[in-house]
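Close look at the chain arrangement
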Amino acid sequence: MAAAVHKARELFHHGSHGDRKNSDGKKSLSKQESRDLEEEKHQLMEYEEMKRPLSPSQIHEDHGRKMVGHSSHVLRQEDFELVKTLGTGTFARVWLVRLKNTAKGDQNKVFALKILRKVDVIRLKQVEHVRNERNVLAGVAGHPFITTMVASFQDHDSLYMLLDYCPGGEVFSYLRRARRFNEPTSQFYAAEIVLILEFLHEKEGVAYRDLKPENILIDAEGHLKLVDFGFAKKVENRETYTLCGTPEYLAPEVIRNTGHGTAVDWWAFGILVYEFLVGQPPFWDQNPMKIYEQIVEGHVRYPSAMSSEARDLISGLCNVDTSKRLGNISGGAQRVKSHPWFGNIDWDALYNRRINGPIVPHLRGPADTRNFDEYEPEGSQREAYTREMAEKWDDYFKDF
Amino acid sequence: MSLPPDYSNEISALNREFLKAQPSDTLQFCANFFLRRLESQRAEFLLSQHHSSPQGRGMAESTFPGNNPFGTSPSGGFATGGMHRLEEEDENDNVASPTAATFAHRDMDRAPDTAPGESTFGNFGGFSNSIKSGAAPPTSIGAGAGQSFPSNYNLNRRTSVSAESLNPASSLNDNWTPPYHQKTADQQNRLKAAVSGNFLFSHLDDEQSQQVLGALQEKPIPTKGIKVIQQGDVGDYFYVVENGSFDIYVNKSGKLEAGPDGLGSKVGSVGPGGSFGELALMYNAPRAATVVSIEQSTLWALDRVTFRRILMDSAFQRRRMYEGFLEEVPLLNSLTPYERSKIADALETKKFPAGTTIIQEGDVGESFYILETGDAEVYKRGVDKAVKRYQKGDYFGELALLNDAPRAASVVSKTEVKVATLGKDGFQRLLGPVEGIMRRNDPSKAGALEDGDGVDPLAKGS
């Protein structure tokens with residue numbers, strides 16, 4: 001297996017990216033490119049067998065040497081059959097895809113393809129966020145609980161991120177169906193999130209900024225995958241100011257615009273644990289301004305049925321004062337991990353996926369989409385991405 | 001004939017549960033299992049009835065395998081409980097927090113806040129105040145469709161929001177200053193009163209407040225019938241009413257429509273000192289209502305980018321200033337930039353009038369101070385005159401971070417001063433013991449500070 005990874009790595013890192021720009025998909029491939037494409041398709045078919053969790057330091061130090069997370073100069077949308085929409089956003093659509101012309105036995109080898117239309121990305125002023133998303137995902141690929149971006153590519157008017165498919169669907173759906181999770185289930189999911197945040201913050205210097213049950217998927221084995229890195233940003237030791245997130249999960253410092261960093265994820269994590277246990281987040285009102293007023297005040301009310309450990313954890317995380325917020329204070333994520341509420345968690349076994357998830361999705365096979373909702377078909381009206389726009393903007397998309 | 005897949009799924013789930021539990025009473029166990037499954041499926045079905053979105057379909061479909069963690073949840077049949085409550089809650093539209101409704105009053109540690117009373121200036125919580133004065137409250141005024149399943153909480157997927165990218169680095173280069181629009185003292189005071197109830201403004205310091213009030217721009221509304229904002233449109237401005245009056249309409253469809261009834265129903269009105277549209281100061285969200293002038297009026301307008309930029313620039317400058325000051329403190333010069341920025345974030349601003357004793361000689365030191373503006377003087381017992389003067393950027397009391405020794409001198413403000421301060425507990429909470437940080441660049445010194453405690457592995461290593 002190691003040899004295969006090595007081979008893949010070599011393959012993905014030669015070949016020029018130079019003349020990819022403005023290619024419209026009709027251009028015929030050179031011999032070399034055709035060979036690369038065949039090799040790359042071959043690797044994709046083997047992906048399932050080769051994937052394994054990398055350790056945090058492997059992911060961090062092996063940049064550019066991993067077989068995942070690369071920018072492909074040969075893959076095209078035309079290489080994939082779009083099977084079904086898995087999710088939609090304001091400027092993106094995620095499809096279940098499989099490589100075209102695959103052998104009968106390989107019908108189950110599927111991926112999620114996130115397609116972003118350049119025109120919409122520009123119109124909604126999300127260029128910077130999309131660049132961040134691609135680059136953060138490339139950097140973190142290989143983490144056991146983060147969606148793996150296998151490759152990225154682009155054509156004249158769209159950007160593509162090829163991701164591993166997570167057939168269990170959103171934690172959100174399970175949570176809403178169940179109304180609330182019991183403590184062991186909540187602890188398990190929360191613990192996997194802690195490992196993600198520990199890695200993103202302390203290894204990568206990345207703030208995720210949109211934690212919520214909608215962005216957490218369950219994989220075939222019942223483990224979590226964090227998806228949608230649209231607001232993720234490498235902040236390192238500098239604060240950042242752009243307001244982004246989801247109303248119920250915004251941290252007070254984001255609302256007040258005093259500058260924020262990775263501490264916002266610990267706040268949102270507290271909200272998430274609360275929502276797991278209670279069924280809805282602690283701050284809510286029909287009027288979003290009232291939500292923000294409550295958040296800034298920061299008074300969380302707990303149902304009496306909640307255990308004192310859970311309360312203590314949430315109140316440590318949802319502290320308006322970042323200099324007192326658990327996760328942000330001295331000791332970082334380790335302090336969260338050693339909180340009594342996580343007393344039963346074997347962190348090492350958890351990272352290595354040796355602990356069974358509380359919900360193992362019911363699947364007919366790896367390509368089953370029953371855990372995803374139906375979405376409206378894509379509208380046919382499309383604004384064109386003109387030559388002038390391409391000249392102005394394509395440089396911003398060159399990492400894809 | 002093969003068995004239907006649903007049947008096989010149920011049986012294999014039962015098998016798993018059975019193996020796990022290894023019950024002694026087989027029949028009772030199986031009966032319990034199916035009852036539980038039935039209950040859970042009914043719950044899902046009932047829940048799905050309350051979803052208007054495409055989720056509804058998925059919700060009704062049973063996908064739980066046998067190791068369903070909820071079947072045995074102590075909270076049990078939420079469906080029946082939830083459904084019961086539903087009727088009571090339809091009449092209770094002004095619930096402040098979801099928990100207040102989900103859990104009966106007595107279950108809460110603290111009574112829910114049920115007093116929505118606000119001053120005459122106070123329809124800052126959006127349109128909710130005005131709505132109370134109007135006809136039947138529409139349930140769809142909030143971000144999404146009205147949801148009446150327990151506590152009105154909207155159970156649909158939540159959409160992410162984001163504002164324009166704000167980048168402080170560029171603001172340093174292009175020397176941005178906020179727009180300033182002249183106002184009379186009276187106008188200024190009225191505006192101040194008008195925004196005082198809004199939490200977005202109540203956290204501002206004096207300087208920010210001045211800038212924000214200065215940036216409000218007069219907007220004359222020449223006649224009646226002008227739609228200042230239209231429901232469903234994107235919103236960039238927040239408005240305060242100087243004079244005149246406006247009606248507020250909400251169309252249940254979520255946006256202004258064509259035709260005579262396109263405005264929807266009137267839900268309230270707003271007059272001098274009132275304001276509307278404050279969500280636009282956060283991000284670009286669709287307007288929740290239409291506001292129409294009833295007569296010739298005058299408004300003050302403030303746009304989001306200006307507002308957020310004022311806040312950002314002052315926060316950014318303050319942080320950089322604090323980091324700069326911290327670099328000058330020898331005790332802390334081994335901090336990494338990351339640590340320094342954490343401390344800068346935690347520093348608290350305090351103001352003292354002239355003649356205040358900020359630290360008192362002989363007291364136990366708790367906090368350390370950086371002088372941000374103004375002058376201060378240092379006095380020692382037995383000396384008549386000041387022994388030292390402090391100016392902007394000077395710091396004092398830093399030894400309090402290290403030990404509990406009494407203050408060696410007093411520091412008294414000579415003018416009004418602004419200081420940035422941090423307590424020993426705050427410092428340690430963020431970075432751990434100061435001794436450890438000191439040891440980084442001068443191990444021998446740190447050893448000495450620990451009263452000659454020779455067992456310091458780091459000191460030996462040097």
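As the structure is a prediction and not an experimental result, all values here were calculated from the model.

Concerning the UniProt feature "domain: Protein kinase" (unreviewed entry) in chain A
Under the UniProt annotation, the feature "domain: Protein kinase" (unreviewed entry) is placed at residues 80-342 of chain A. In residues 80-342 of chain A, helix accounts for 37% and strand for 19%; the two terminal C-alpha atoms are 43 Å from one another.

Notes on the sheet that holds strand β13 (residues 376-379) of chain B
Residue and element names in this part refer to chain B. The four strands are arranged β11-β16-β13-β14 in an open sheet whose pairing can be described as antiparallel. Two strands lie at the open edges of the sheet, namely β11 (357-359) and β14 (388-390), each paired on one side alone. Sheet twist, expressed as the average angle between the axes of neighbouring strands with direction ignored, equals 30 degrees. Bridge count between β11 and strand β16 (residues 410-413): two bridges; the pairing is antiparallel. Looking at β16, one finds that threonine 357 is bridged to valine 412.

Concerning the sheet that holds strand β4 (residues 237-243) of chain B
All names here are of chain B. Strand order across the open sheet formed by four strands is β2-β9-β4-β7, with antiparallel pairing between neighbours. For this open sheet the edge positions go to β2 (217-221) and β7 (275-276), each flanked by a neighbour on one side alone. As paired strands, β4 and β7 are joined by two bridges and run antiparallel to one another. Each residue of the ladder has a partner; that of valine 240, found in β7, is serine 275. Contacts from helix α8 (residues 185-196) reach β4 and β9 (297-303) within the one sheet, and its direction differs from that of β4 by about 125 degrees.

Let's talk about the confidence of the model for chain B
One rule of thumb: low pLDDT means the predicted coordinates there are not for detailed reading. All names here are of chain B. Mean pLDDT over chain B: 74, with 69% of residues reaching 70 or higher. When the criterion is pLDDT under 50, residues 47-150 qualifies, and its contacts beyond four places in sequence or with other chains add up to 219 contacts. Here residues 445-462 is a poorly scored stretch, pLDDT under 50, and it has 18 contacts once near neighbours within four places are set aside; other chains count. Interface predicted TM-score (ipTM) for the complex: 0.83; the corresponding pTM is 0.77.

Some remarks on the pairing of strand β5 (residues 149-154) of chain A
All names here are of chain A. By the criterion of burial, β5 is predominantly enclosed, with six of the six residues buried. Two strands pair when backbone bridges link them, and strand β1 (residues 70-71) and β5 are joined in this way by two bridges, in the parallel orientation. Bridge assignment links serine 71 to a residue of β5, and that residue is serine 152. By the bridge criterion, five bridges tie β5 to strand β6 (residues 158-164) in an arrangement that is antiparallel. For methionine 149, the partnering residue across the bridge sits in β6 and is leucine 163. Hairpin remark: β5 followed by β6, antiparallel, with three residues in the connecting loop.

Points about the UniProt feature "binding site: 3',5'-cyclic AMP 2" (unreviewed entry) in chain B
Residues and elements named next belong to chain B. If you check UniProt for "binding site: 3',5'-cyclic AMP 2" (unreviewed entry), the listed places come out as Glu398 and Arg407 in our numbering. With respect to the helices and strands, the residue glutamate 398 is situated in the loop between β15 (395-396) and β16. Sequence-distant contacts of glutamate 398, defined by excluding residues within four places in its chain, comprise Val329, Leu331 and Phe368.

Some thoughts on unusual backbone geometry
Most of the time, phi is negative for any residue but glycine, and the peptide bond is trans. All names here are of chain A. Positive phi, close to 70 degrees, is recorded for arginine 209, a residue that is not glycine. Tracing the backbone through its elements, the reader meets arginine 209 in the loop between β7 (206-207) and β8 (216-218). Accessibility expressed as a relative area gives 7% for arginine 209, which makes it buried. Residue glutamate 236 is not a glycine yet carries a positive backbone phi of 45 degrees. By the element assignment, glutamate 236 lies in the loop between β10 (233-234) and β11 (244-245).

Procedures and definitions
Within each chain, residue numbers correspond to sequence positions counted from 1 in written order. Written order decides the labels, with chains lettered from A and ligands numbered from 1. Reporting in this predicted model follows two pLDDT cut-offs: at least 70 for local features of residues, and 80 or more for side-chain atom pairs to be given and counted; totals over whole chains, interfaces and linings ignore these cut-offs and use all residues. For the side-chain quantities, the full set of heavy atoms in the structure was used; hydrogens and water were omitted. UniProt positions are given in the numbering used here, feature names are shortened, and annotations may be inferred rather than shown by experiment. Each helix is a run of DSSP H or I of at least 4 residues and each strand a run of E of at least 2, with the numbering of both proceeding from the N terminus. At least two DSSP bridges between two strands are needed for those strands to be called paired. Each axis is a line fitted through C-alpha atoms, and for a helix only the stretch in contact is used; angles between axes span 0 to 180 degrees, taken between their N-to-C directions. Residues are treated as being in contact if the distance between any of their heavy atoms lies within 4.5 Å. For every residue, the predictor reports its confidence as pLDDT, a number between 0 and 100. Classification of residues uses two cut-offs on accessible area relative to the type maximum, computed with a 1.4 Å probe and protein chains only: under 20% is buried, over 50% is exposed, and between them is partly exposed.

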